[in-house]
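Chain and residue survey
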Amino acid sequence: MTHVSPAGKQPDSSGTGPSAAGKALYGGTGSRRITVRDIASAKERGEKWPMLTAYDAMTASVFDEAGIPVMLVGDSMGNCHLGYESTVPVTMDEITILSAAVVRGTKRALIVGDLPFGSYQEGPVQALRSATRLVKEAGVGAVKLEGGERSADQIQLLVESGIPVMAHVGLTPQSVHAYGGYPVQGRGEEAAQQLLRDAKAVQDAGAFAVVLETVPAEVAGEVTRSLHIPTVGIGAGPDCDAQVLVWTDMAGLTAGRVPRFVKQYAQLRQTLGDAARAYAEDVVGGAYPAAEHSFR
C-alpha cells in the first residue's frame with residue numbers, strides 16, 4: 001500500500017526522501033518497500049529491471065542486499081525446493097509459509113507470492129480467498145497467477161479488492177499435463193495473436209505486470225510494445241521490460257540440464273559439494289574440530 005503523508009503528498013523518488021527506489025528499481029535507495037507504483041514508473045522511463053525467485057529468509061536477504069527489486073516466491077519451489085516433479089502439487093500452506101519467510105528476510109524488495117494450482121481455478125471468489133491469505137498471513141505485496149483471458153475475472157476481483165496482481169501467460173507450468181510437457185508458446189500467427197489477446201486481457205483486468213514465459217522473442221517484443229504495463233520475460237528474449245530466473249538455475253545449483261534461456265552466473269552446486277567434502281574429510285581425519293573450535 002502506498003503511504004500518503006498527512007499533507008496528501010505521495011512519496012518522492014529523488015533518492016533523498018522515503019522512496020524505496022530512489023529513481024531506479026535496481027541500484028536505487030530508500031527506506032520503504034518497492035510498490036507497484038514504482039514498477040509502473042520504471043515502465044514509463046524505460047528502465048529494465050531484474051526479478052529472482054526466493055524461497056527462504058536467508059537467500060532472500062542476500063538478494064535484497066544485492067538490490068534485486070522484485071522477488072517471486074514461485075510455485076517453482078515444487079521443483080527446486082520441495083522435491084516434486086512439477087509445480088502442480090504445491091499447496092497454499094507451503095506457499096504461505098515460504099512467502100512469510102521471504103518477507104521476513106527482506107526490507108526493500110516487492111515480494112510477489114504465487115497462487116498455486118487449484119487455489120484460484122474455481123473462480124474469482126476462491127482466488128480472492130487464496131490471495132487474501134497470502135497478503136494477511138505472509139505479508140506479500142502482490143500475488144501472481146497463471147492464465148490470460150481465462151483468468152481475467154479473477155484478476156479483476158483481486159485488483160478491485162486492493163490486491164495487486166502479476167499475471168502470467170505463454171507457457172504456464174501449472175498446465176504441464178495439458179501441454180504434455182513445456183513447449184514454446186506463441187509460435188505461428190494464430191498462437192501469437194492469442195498470446196497478445198491474453199496479455200491485453202490481463203492488462204485490462206488490472207494486472208500491474210505480466211510474465212511472458214517461453215515464447216518467441218519477436219512475439220514477446222510485439223506484446224511488450226503493445227502494453228502499458230511491464231512485461232517480465234523468462235525465455236522470452238531481450239525486449240521485455242524485465243527478466244526473471246529461478247534462482248537455483250541462475251546460480252548453478254540445479255542439477256542436470258537447465259532450460260535454454262538460463263544463464264548460470266555461478267556454480268554453487270560444485271562449490272557446496274566441495275565444501276561438504278572438505279568438511280567430511282576434516283571430520284574423518286580428525287582435523288575438525290581443532291583447538292580453536294573447542295571451549296575451555
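Because the structure is a prediction, the values reported are computed rather than measured.

1. A closer look at the overall build of the protein
From N to C terminus, the protein includes 11 helices and 8 strands. Within the protein, contacts between residues separated by at least 24 positions form 54% of all contacts whose residues are at least 6 apart in sequence. Element-wise, carbon and sulfur atoms account for 55% of the exposed surface of the protein, whose accessible area totals about 14700 Å².

2. Regarding the packing of aromatic side chains
If you walk through the whole model with that rule in mind, you get 2 aromatic pairs. Each ring, one from F63 and one from W247, has its centre 5.8 Å from the other, and the planes form 70°; the classification is edge-to-face. Residue F63 is located in helix 2 (residues 57-65), and its partner W247 is located in helix 10 (residues 247-250); the two are separated by 184 residues in the primary sequence. Judged by its relative accessible area of 9%, F63 falls in the buried class.

3. Focus on the confidence of the model for the protein
Taken over all residues, the pLDDT of the protein has a mean of 90, while the share at 70 or more is 90%. In this model, residues 1-21 is a region of pLDDT below 50 whose contacts with residues beyond four sequence positions or in other chains number 39 contacts.

4. Some thoughts on the nonpolar core
Ranked by size, the top nonpolar core spans 57 residues in total, and within it L115, V143, L158 and L212 carry the most contacts. Beyond its immediate stretch of four places on either side in the chain, L115 contacts M92, Y120, A127, S130, A131, L134, V143, K144, L145, L158 and Q174. Core analysis: the second largest hydrophobic core is formed by 19 residues, I39, A42, L72 and L110 among them.

5. Considering the packing of helix 5 (residues 124-138) against helix 6 (residues 152-160)
For any two helices packed against each other, the geometry comes down to the angle between their axes and how far apart the axes lie. The N-to-C vectors of helix 5 and helix 6 enclose an angle of 50°; their axes lie 8 Å apart at closest approach. In terms of axis orientation, helix 5 runs oblique to helix 6. Crossing of helix 5 against helix 6: the hand is right-handed. Counted together, P124, V125, A127, L128 and A131 of helix 5 and D153, Q154, L157 and L158 of helix 6 form the full contact between these two elements. Residue composition of the contact of helix 5 with helix 6, by class: 7 nonpolar, 1 polar and 1 charged.

6. Observations regarding the sheet that holds strand 2 (residues 70-73)
A barrel is described by the order of its strands in space; here 8 strands give the closed sequence 1-2-3-4-5-6-7-8, paired in parallel fashion. Recorded for the sheet is a direction-independent mean angle of 25° between the axes of neighbouring strands. Where strand 3 (residues 110-114) meets strand 4 (residues 142-146), 3 bridges bridge the pair, whose relative direction is parallel. If you follow D114 over to strand 4, its bridge partner there is K144.

7. Points about the packing of helix 6 against helix 8 (residues 189-205)
Contact geometry of helix 6 with helix 8 gives a least axis separation of 8 Å together with a crossing angle of 25°. Relative to helix 8, the element helix 6 lies roughly parallel. Handedness of the crossing formed by helix 6 with helix 8: right-handed. Residues A152, I155, Q156 and V159 of helix 6 form the contact with helix 8, whose own contacting residues are A201, V202 and A205.

So, how was this worked out
- Residues numbered from 1 in each chain as written.
- Predicted model: local features only at pLDDT ≥ 70, side-chain atom pairs only at ≥ 80, totals over all residues.
- Heavy atoms only, no water.
- Helix = DSSP H or I, 4+ residues; strand = E, 2+ residues; numbered from the N terminus.
- Contact = heavy atoms within 4.5 Å.
- Areas by Shrake-Rupley, 256 points an atom, 1.4 Å probe, with all protein chains shown as cover.
- Phe/Tyr/Trp six-rings, centres within 6.5 Å; stacked < 30°, edge-to-face > 60°.
- Buried < 20%, exposed > 50% of the residue type's maximum accessible area, 1.4 Å probe, protein only.
- pLDDT = per-residue confidence, 0-100.
- Core = buried A, V, L, I, M, F, W, Y, C linked by side-chain atoms within 4.5 Å.
- Axes fitted to C-alpha atoms, helices over the stretch in contact; angles between N-to-C directions.
- Parallel < 35°, antiparallel > 145°, perpendicular 65-115°, else oblique.
- Left-handed = near helix turned anticlockwise from the far one by under 90°.
- Nonpolar A, V, L, I, M, F, W, Y, C, P; charged D, E, K, R; others polar.
- Pairing = 2+ DSSP bridges.

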